[in-house]
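Now for the letters of each chain:
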Amino acid sequence: MNRYPNALPHHGLNRQPNPLPTGLPDRLWPRGLPRGLPNGLPRLAGGIVQRLLLCIALAMLPWAAHAFTLDDLQQQLRATPIVRGHFVQQKFLRSLPQPLTSRGDFTLANGRGLLWLLRSPIAQDLRISADGIARRGPDGAWQALPQHTGAGRENRLFLSVLAGDTSGLRENFDLTLTGDANAWQLMLLPRSVLLRQIFENIQINGGKLVDRIELREVQGDRSVLQMTDAVAADALTPEEQRAFGL
């Protein structure tokens, strides 16, 4: 008669567990853990390894998301020496029910500047460079425009953005870059008191090149510039060379 009715049978204590397949290859099996494990432990060990690998993968995601830096963006935009395309510029004013829309063509030449050729609603050719902004007259001569005009300030900003001059933008804005090389967004928040009186923020979107620029002004107006059909080129046309004074 068993004096301890609640105890386990003696023969059960001496029985060896049957080895079971672990379900894991040797390279993933934890070192020091025997292969012959009671039922359930191989599955548990495999789950632990899988969770560990998942945690490592998740921990790497933020690094991958932030791998595209401002320096990368600047190099990417400067990699193409010449870019030509069309633009549509819309000015949304609080006092008008419909935006003011202008269309035209542009040529961006690295190290030279930007040709901004307005085609509608009026014809006007602008040249924007590090020296300032000039307008082509009826006789074909270029005349410098005052540097304090609002249009000139915006156009110089467009030049910095299109040319990938993030170092120049850093002088006047706090920059926040999100996305990757194929689809990125750059948010600019003005730093100086003067710019904070004019701009609420500037949002730039693009991929290989800049696609869209939106300027939001403090008083509620905003400007949206969209570049379309942009193509890269290796050399300026003779007309473009004359426009840049080459």
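The present account deals with the structure reproduced in this document. Counting from 1, residues in each chain are numbered in the order their sequence is written. Note on the predicted model: pLDDT of at least 70 is required for a residue's local features to be given, and 80 or more for side-chain atom pairs to be given and counted; whole-chain, interface and lining totals, by contrast, use all residues. Remark: hydrogens and water are excluded; side-chain values derive from all non-hydrogen atoms of the structure.

With that out of the way, let us pick up empty space enclosed by the protein. The rule is simple: put a 1 Å grid over the protein atoms alone, call a set of points where a 1.4 Å probe fits but cannot get out a cavity, call an open set with protein on both sides within 12 Å along at least five of seven lines a pocket, and count a residue as lining if it has an atom within 4 Å of a point. Grid points are joined across faces, edges and corners, and a volume is the space filled by probe spheres set on the points. Scanning the entire structure with this criterion turns up two cavities of 30 Å³ or more. There is about 130 Å³ of room inside the largest cavity. Of the residues that constitute the lining of the largest cavity, the class distribution is 11 nonpolar, two polar and no charged. Of the volumes computed, that of the second largest cavity is approximately 30 Å³. As for the second largest cavity, its lining consists of 10 residues, and the residues nearest its centre are L77, V161, T166, L169 and L186. Numbered from the N terminus, helices here are DSSP runs of H or I no shorter than four residues, and strands are runs of E no shorter than two. Secondary-structure elements contributing two or more residues to the lining of the second largest cavity are α3 (70-78), α4 (150-162), α5 (166-170) and β8 (184-190). All residues other than Ala, Val, Leu, Ile, Met, Phe, Trp, Tyr, Cys, Pro, Asp, Glu, Lys and Arg, Gly among them, are scored as polar; the first ten of these are nonpolar and the last four charged. In the lining of the second largest cavity, the residues fall into seven nonpolar, three polar and no charged.

Turning our attention to the pattern of salt bridges. Just to be clear on terms, a salt bridge is a Lys or Arg side-chain nitrogen sitting within 4 Å of an Asp or Glu carboxyl oxygen. Enumeration over the complete set of coordinates arrives at 13 salt bridges. A salt bridge links E239 to R136; the shortest N-O distance between them is 3.0 Å. Here the residue E239 occupies a position in helix α7 (residues 238-243), and R136 occupies one in strand β5 (residues 132-136), the gap between them amounting to 103 residues. Only protein chains enter the calculation, and the probe is 1.4 Å; a residue is then buried if its accessible area is under 20% of its type maximum, exposed if over 50%, and partly exposed in between. Using a relative accessible area of 37% as the deciding quantity, one classes E239 as partly exposed. Here R242 ties to E239 by a salt bridge, and the two come within 2.9 Å at their closest N and O atoms. Of the two residues, R242 and E239 are both situated in helix α7; the distance of three residues between them amounts to about one turn of the helix.

Two strands are counted as paired when DSSP detects at least two bridges linking them. The 11 strands are arranged β6-β5-β4-β3-β2-β1-β11-β10-β9-β8-β7 in an open sheet whose pairing can be described as antiparallel. Of all strands in the sheet, those with a lone pairing partner are β6 (142-144) and β7 (173-179), marking the two edges. Across the sheet, the axes of successive neighbouring strands diverge by a mean angle of 20°, strand direction being ignored. Two strands pair when backbone bridges link them, and β7 and β8 are joined in this way by seven bridges, in the antiparallel orientation. Opposite T176, over in β8, you have M187 as the bridge partner. It only takes one pair of heavy atoms within 4.5 Å for two residues to be counted as in contact. As a rule, the C-alpha atoms of each element are fitted with a line to give its axis, helices using only the stretch in contact, and angles between N-to-C directions run from 0 to 180 degrees. The sheet contacts of α3 involve β7, β8 and β10 (210-217), and relative to β8 the element is tilted by about 110°.

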